[in-house]
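Each chain is listed here by its residues.
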Amino acid sequence: MAKSVTNPAFERSTGDRRAWLLVGGAALLWIGAYNIIQPLANWLTYELFGIAQGSHLGEAVAFFLYDVPKILLLLSGMIFVISTLRSFFSPERTRALLGGKREGVGNVVAAALGVLTPFCSCSAVPLFIGFVEAGIPLGVTFSFLIAAPMVNEVALVMLFGMFGWQVAGLYLVSGLIIAIVSGLVIGRLQMERYVEDFVWQIKGGGGAVAEEHLTWSQRFARAWENTREIISKVWLYVVIGIAVGAGIHGYVPQDALAGVMGADAWWSVPMAVILGVPLYASAAGVIPVVQALMAKGAALGTVLAFMMAVVALSLPELIILRRVLKPRLIATFVGVTAAGIILIGYLFNLVI
Amino acid sequence: MLNVKILGSGCANCKRLETIVRKVIADHGLQAEIEKVTDYGQMMRWNLMKTPGLVVNDTLVSSGRIPTEAEIASWLTS
């Protein structure tokens, strides 16, 4: 014991080895669990409950029993991986990286870092002030502020789980494009005077937290803490969402919604965006419902537009940002981003 | 006497941090005054970019997360 205290590097490496072993073991368990849920759901539905195969009820119950554990497993596994990855990024480091960048390149880098940097909308204001104070152009700052919530990890994993990697990838790429273009547009509009005046007067104290040097076991511990927090926040929405989705699956006739939410109804995309803005907390519950709607004839672009409006233009975040932005700039931010989302929605409806 | 500041605009995590800090102070029988800083201009004295922030005797010791009780205890007693 005394030896390991005098040799912190040794203690650190054994601690890390133990952490890697633990994570590796958990990964094996995860894979095992992921592979038994389909047979288990079928067995429960058709053998144990004795519901007839092919019946509406049987279809709905089997769907529910398979999808709930599948999505919860995917969420916990992938959010853990994403959180570990994100422990290598911080707003302070991002700010330093963006410091010398011009508009254009700066917008692209800002949007990419927006996805990778851990971000909570409650920190949007100090982050905004920190960026502006470091001389990062307003448009570049907005590329970051749009990408960070828009490419939402829960939404990304849910889309992957329910629609496959292609749709999740489309969501990621189009989110980045909207963030880059919207930031460029806001930068061109020269809206600096619509930032609240006090922001320009703030002088930072220079006393930032010293860059933390984390060990792997600390990274894993924090990633696990973060995963637990997210799952505890969203699991109920996921269960309710899948229950509603299962009901729609079993009972609503095929193509019933093609007329209302299909690609031919031109007004469905803007409608989806308008409906999405006030719907913040339930982003996780929305996707299973939306997936079921799509199976009945709703169009992918409409669905993605809805998804993005829910996460990128949330009312609580707009209220928080009002502390540093004058109404005119808030309106521009919402208008430009919403227009981008609507365009992407139409594009997907046309292409796919 | 220790001076502890909680930096944040009243979000859920800031309140949780305050509860934990109060608990640590009580558990260790420390003498400390707790201040809540909600003004963004003041927070920038410590260049804070993630809330909640924790300041002990004018030094920012953590930001953007809720530290464990053991970590907080070590900052308050060192």
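Computed from a prediction, not measured in an experiment: that's the story for all the values here. (Residues numbered from 1 in each chain as written. Chains lettered and ligands numbered in written order. Predicted model: local features only at pLDDT ≥ 70, side-chain atom pairs only at ≥ 80, totals over all residues.)

**Q** Just checking my understanding: could you explain the overall build of chain B for this structure?
**A** Scanning chain B from terminus to terminus reveals three helices and four strands. In chain B, the order of α-helices and β-strands from amino to carboxyl end is β-α-β-α-β-β-α. Against the 2.2 N^0.38 benchmark of 12 Å for 78 residues, chain B shows a C-alpha radius of gyration of 11 Å, consistent with a compact globule. Referenced to the eigenvectors of the C-alpha coordinate spread, the extents of chain B come out at roughly 30 × 25 × 15 Å. (Helix = DSSP H or I, 4+ residues; strand = E, 2+ residues; numbered from the N terminus. Rg over C-alpha atoms; globule rule 2.2 N^0.38 Å.)

**Q** In this structure, what is going on with the overall build of chain A? I would like to understand it.
**A** Secondary structure summary: chain A contains 17 helices and zero strands in total. Taking all 352 residues of chain A together, the buried fraction comes to 41%. (Buried ≥ 20, exposed ≤ 12 C-beta atoms within 10 Å, placed from the backbone.)

**Q** What is the right way to read the confidence of the model for chain B from this model?
**A** Do not read the predicted coordinates in detail wherever pLDDT is low. Residue and element names in this part refer to chain B. Per-residue pLDDT for chain B averages 87, and the proportion of residues at 70 or more is 100%. Per-residue pLDDT, averaged within each element of chain B, yields its smallest value for helix H2 (residues 40-43) (83) and its largest for strand E3 (residues 53-56) (91). For this predicted complex, the interface confidence comes out at an ipTM of 0.82, alongside a pTM of 0.83. (pLDDT = per-residue confidence, 0-100.)

**Q** Before we go on, may I ask you to explain the interface of chain B and chain A in this structure?
**A** The figure often quoted for interface size is the accessible area lost as the parts come together. Each partner contributes to the interface: chain B provides 16 residues, whereas chain A provides 20 residues. The set of elements that each furnish at least two residues to the side of chain B that touches chain A consists of H2 and strand E4 (59-63) of chain B. Counted by class, the side of chain B that touches chain A contains eight nonpolar, six polar and two charged residues. (Contact = placed C-beta atoms within 7 Å. Nonpolar A, V, L, I, M, F, W, Y, C, P; charged D, E, K, R; others polar.)

**Q** What exactly am I supposed to notice about the pairing of strand E2 (residues 32-37) of chain B here?
**A** The side chains of a regular strand alternate between the sheet's two faces. The pairing of strand E1 (residues 2-7) of chain B with E2(B) spans six bridges and is classified as parallel. Each bridged residue has a counterpart across the sheet, and for B:Val4 the counterpart in E2(B) is B:Ile34. (Pairing = 2+ DSSP bridges.)

**Q** Would you mind showing me how to read the nonpolar core here?
**A** Nonpolar side chains tend toward joint burial in soluble globular proteins. Residues and elements named next belong to chain A. The biggest cluster of nonpolar side chains holds 110 residues, and the ones touching the most others in it are Ala-147, Ala-305, Met-307 and Ala-309. Looking at which element gives the most residues to this core, the answer is helix H3 (residues 56-86), with twelve residues. Among all residues touching Ala-147, those that are not within four sequence positions of it are Ala-111, Gly-114, Val-115, Gly-175, Leu-176 and Ala-179. (Core = buried A, V, L, I, M, F, W, Y, C linked by C-beta atoms within 7 Å.)

**Q** How should the sheet that holds E4(B) be read in this particular structure?
**A** Each strand in a sheet pairs with another by means of backbone hydrogen bonds, the pair being arranged parallel or else antiparallel. All names here are of chain B. Strand order in the open sheet formed by four strands is E2-E1-E3-E4, with mixed pairing between adjacent strands. At either end of the open sheet lies a strand with only one pairing partner, and these are E2 and E4. Taken pair by pair, the neighbouring strands of this sheet meet at an average axis angle of 20 degrees, ignoring direction. As defined by bridge partners, E1 adjoins E3 across four bridges and the pair is classed as antiparallel. Pairing of Ile-6 across the sheet is with Leu-54, part of E3. Docked against the sheet, helix H1 (residues 12-27) engages E1, E2 and E3, running at close to 160 degrees with respect to E1. (Axes fitted to C-alpha atoms, helices over the stretch in contact; angles between N-to-C directions.)

**Q** Can you help me understand the packing of helix H8 (residues 153-163) of chain A against helix H9 (residues 165-188) of chain A in this one?
**A** The relative placement of two packed helices comes down to the angle between their axes together with the axis-to-axis distance. Residues and elements named next belong to chain A. Running from N to C, H8 and H9 cross one another at 150 degrees; their axes reach a closest spacing of 7 Å. In terms of axis orientation, H8 runs roughly antiparallel to H9. Note on element contacts: H9 touches H8 through Trp-165, Val-167, Ala-168, Tyr-171 and Leu-172, opposite Leu-156, Leu-159, Phe-160 and Phe-163. Split into classes, the residues belonging to the contact of H8 with H9 amount to nine nonpolar, no polar and no charged. (Parallel < 35°, antiparallel > 145°, perpendicular 65-115°, else oblique.)

**Q** Explanation requested: helix H15 (residues 300-312) of chain A in the structure shown.
**A** For the α-helix, the turn length of 3.6 residues means that residues three or four positions removed from each other point alike. Residue and element names in this part refer to chain A. Here H15 spans 18 Å end to end across 13 residues, near enough to the 18 Å set by a 1.5 Å rise per residue. Burial of H15 is extensive: twelve of the 13 residues sit out of reach of the surface. Residues Gly-301, Thr-302, Val-303, Leu-304, Ala-305, Phe-306, Met-307, Met-308, Ala-309, Val-310, Val-311 and Ala-312 constitute the buried set of H15. (Expected span 1.5 Å × (residues − 1).)

**Q** Help me understand the packing of helix H7 (residues 138-150) of chain A against H15(A), please; the structure alone is not making it clear to me.
**A** Residues and elements named next belong to chain A. Axis separation between H7 and H15 bottoms out at 8 Å; the angle between their running directions is 115 degrees. Considering their axes alone, H7 and H15 lie roughly perpendicular with respect to each other. Here H7 runs over H15; the crossing is right-handed. On H15, the residues touching Ile-146, Pro-149 and Met-150 of H7 are Met-308, Val-311 and Ala-312. Taken together, the residues of the contact of H7 with H15 sort by class into six nonpolar, no polar and no charged. (Left-handed = near helix turned anticlockwise from the far one by under 90°.)

**Q** Even after reading the chapter, I still don't get the environment of A:Ala60, so can you show me in this structure?
**A** Residue and element names in this part refer to chain A. One can find Ala-60 in helix H3. With 20 C-beta atoms packed within 10 Å, Ala-60 lands in the buried category. In this structure, the C-alpha to C-alpha distance between Ala-60 and Gly-169, residues 109 residues apart in sequence, is 28 Å.

**Q** Honestly, unusual backbone geometry in this entry has me stumped. Any pointers?
**A** A negative phi angle is the norm for most residues apart from glycine, just as the trans form is the norm for most peptide bonds. With an omega of -5 degrees, the peptide bond running from B:Thr51 to B:Pro52 counts as cis. Residue placement: B:Pro52 occurs in the loop between H2 and E3. Not every positive phi belongs to a glycine, and A:Gln190 is a case in point at roughly 50 degrees. Given 10 C-beta atoms within a 10 Å radius, A:Gln190 is considered exposed. Residues other than glycine seldom take positive phi values, yet B:Asn47 does so here, at roughly 55 degrees. Within the fold, B:Asn47 resides in the loop between H2 and E3.

**Q** Hey, could you run me through the environment of A:Ser83 in this one?
**A** All names here are of chain A. Tracing the backbone through its elements, the reader meets Ser-83 in helix H3. With 21 C-beta atoms packed within 10 Å, Ser-83 lands in the buried category. With 66 residues separating them in the primary sequence, Ser-83 and Arg-17 have C-alpha atoms 19 Å apart. Beyond its immediate chain neighbours, meaning those up to four positions away, Ser-83 contacts Ala-223, Asn-226 and Thr-227.

**Q** Hey, could you run me through the confidence of the model for chain A in this one?
**A** Overall, the predicted model of chain A reaches an average pLDDT of 83, with 87% of residues at or above 70. The low-confidence segment residues 1-6 of chain A (pLDDT under 50) makes two contacts with residues lying over four places distant or belonging to another chain.

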